[in-house]
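# Notes for the structure review
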Amino acid sequence: MNVRLAAVAWALACVAAPAPLCAQAGPQVVDRIVAVVGERPILLSEVEEELLLLQSQGQPLPPDSAARDALRRQALQRMVDEEILYQKARQDTTIIVTDADVQNAVEEQVRRVRGQFPTENDYRAQLAAAGFGTPEEYRRWLSETQRRSAYQQRYLEKLRSEGKLHNASVSDTEVRAAFAQAAAQSSRRP
């Protein structure tokens, strides 16, 4: 019903608006769903945000499109895995994350980040550069991120304590072999 209402409103706007306006303003893709986990869609914009987060943490993004697409797929797979873990943790009634736990972690993180800037204006400018309109928006994002992380961590701890999840032991030889393989693969790229 809302789609019909929007179509009628668009048609009326086109009738009332000058012809060039309606000709230019056709349907435009704003975002798209790239995966669905349970009932939660994962948007392309969220995957792109993950890439920007990696870049802000010092990881250079590949210049060629094939390598960038591979990085997008890796980021998407990580997001899907994390969402599955979060949903499983939320379904488990023995796992409890309180608002106080979340807020304490958020306050600590805000204090740490704020302490990196000499003035409030510098802090707000950096938040704006990171895509946050206000410190409150940053706090909301941190709260959601911290809540999800706490659920995931507690669920993993529960699986370990039940013997369903074991820590993997990796030898130095295996690390060196994996590093050599990654180096060989990266040297084959144009």
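Heads up: the structure comes first, above all this text.
Quick notes on the rules
Residues numbered from 1 in each chain as written. Predicted model: local features only at pLDDT ≥ 70, side-chain atom pairs only at ≥ 80, totals over all residues. Heavy atoms only, no water. Helix = DSSP H or I, 4+ residues; strand = E, 2+ residues; numbered from the N terminus. Buried < 20%, exposed > 50% of the residue type's maximum accessible area, 1.4 Å probe, protein only. Contact = heavy atoms within 4.5 Å. Pairing = 2+ DSSP bridges. Core = buried A, V, L, I, M, F, W, Y, C linked by side-chain atoms within 4.5 Å. Salt bridge = Lys/Arg side-chain N within 4 Å of Asp/Glu carboxyl O. Expected span 1.5 Å × (residues − 1). Phe/Tyr/Trp six-rings, centres within 6.5 Å; stacked < 30°, edge-to-face > 60°.

With that settled, consider the overall build of the chain. A tally of helices and strands in the chain yields eight helices and two strands. Secondary structure elements of the chain, listed N to C terminal, follow the sequence α-α-β-β-α-α-α-α-α-α. In the chain, which comprises 190 residues, the share counted as buried stands at 22%. Counting only contacts in the chain whose residues sit at least 6 apart along the sequence, the fraction spanning at least 24 positions is 58%.

Moving on: the pairing of strand β1 (residues 33–37). Where β1 and strand β2 (residues 40–43) come together, four bridges link them in antiparallel fashion. Directly across from Val 36, in β2, lies its bridge partner Pro 41. Where β1 folds back onto β2 in an antiparallel hairpin, the turn is made up of two residues, including Gly 38, whose phi is positive at roughly 65 degrees.

To continue, consider the side chain of Glu 83. Within the fold, Glu 83 resides in helix α4 (residues 65–91). Leaving out residues up to four positions away in the same chain, Glu 83 has contacts with Val 37, Arg 40 and Arg 148.

Within the largest apolar cluster, 20 residues are counted, with the highest numbers of intra-cluster contacts made by Val 110, Tyr 123, Tyr 138, Tyr 151 and Tyr 155. Going through the elements one at a time, α4, α5 (99–114), α6 (120–129) and α7 (135–161) are the ones with two or more residues in this core. Residue contributions to this core peak at seven residues, all from α7. Not counting residues within four places of it along the chain, the set of residues in contact with Tyr 155 comprises Leu 85, Lys 88, Ala 89, Asp 92 and Ile 95. Core analysis: the second largest hydrophobic core is formed by eleven residues, Val 37, Ile 42, Leu 61 and Leu 71 among them.

Glancing now at the pattern of salt bridges. Applying the stated criterion across every chain, the model contains 16 salt bridges. The salt bridge involving Asp 99 is made with Arg 147; its shortest N-O contact spans 2.9 Å. Linking Asp 99 in helix α5 with Arg 147 in helix α7, this pair joins segments that are 48 residues apart in sequence. On the basis of relative accessible area, Asp 99 is assigned to the exposed category, the value being 52%. Residue Arg 147 is classed as buried on the basis of its relative accessible area, which comes to 19%. Among the charged side chains, a network of salt bridges with common partners joins Arg 40, Glu 46, Glu 83, Glu 144 and Arg 148.

Turning our attention to α7. Since one α-helical turn is 3.6 residues long, residues separated by three or four positions face the same way. Across its 27 residues, α7 extends 38 Å between first and last C-alpha, which sits within 8% of the 39 Å expected from 1.5 Å per residue. Buried within α7 we find Pro 135, Tyr 138, Leu 142, Ser 143, Arg 147, Arg 148, Ala 150, Tyr 151, Gln 152, Tyr 155, Leu 156 and Leu 159. Turning to α7, the residues buried within the fold contact α4, α5 and α6. Count one or two residues on from α7 and you reach Gly 163, which has phi positive near 75 degrees.

In total, this model carries five aromatic pairs according to the counting rule given. Pairing Tyr 86 with Tyr 151 gives two aromatic rings, centres 5.9 Å apart and planes at 85 degrees, and the pair type is edge-to-face. With Tyr 86 in helix α4 and Tyr 151 in helix α7, the pair connects residues that are 65 residues apart, well separated along the chain. Just as Tyr 86 is buried, Tyr 151 falls in that class too.

None of the figures reported here should be taken as evidence of function without further support.
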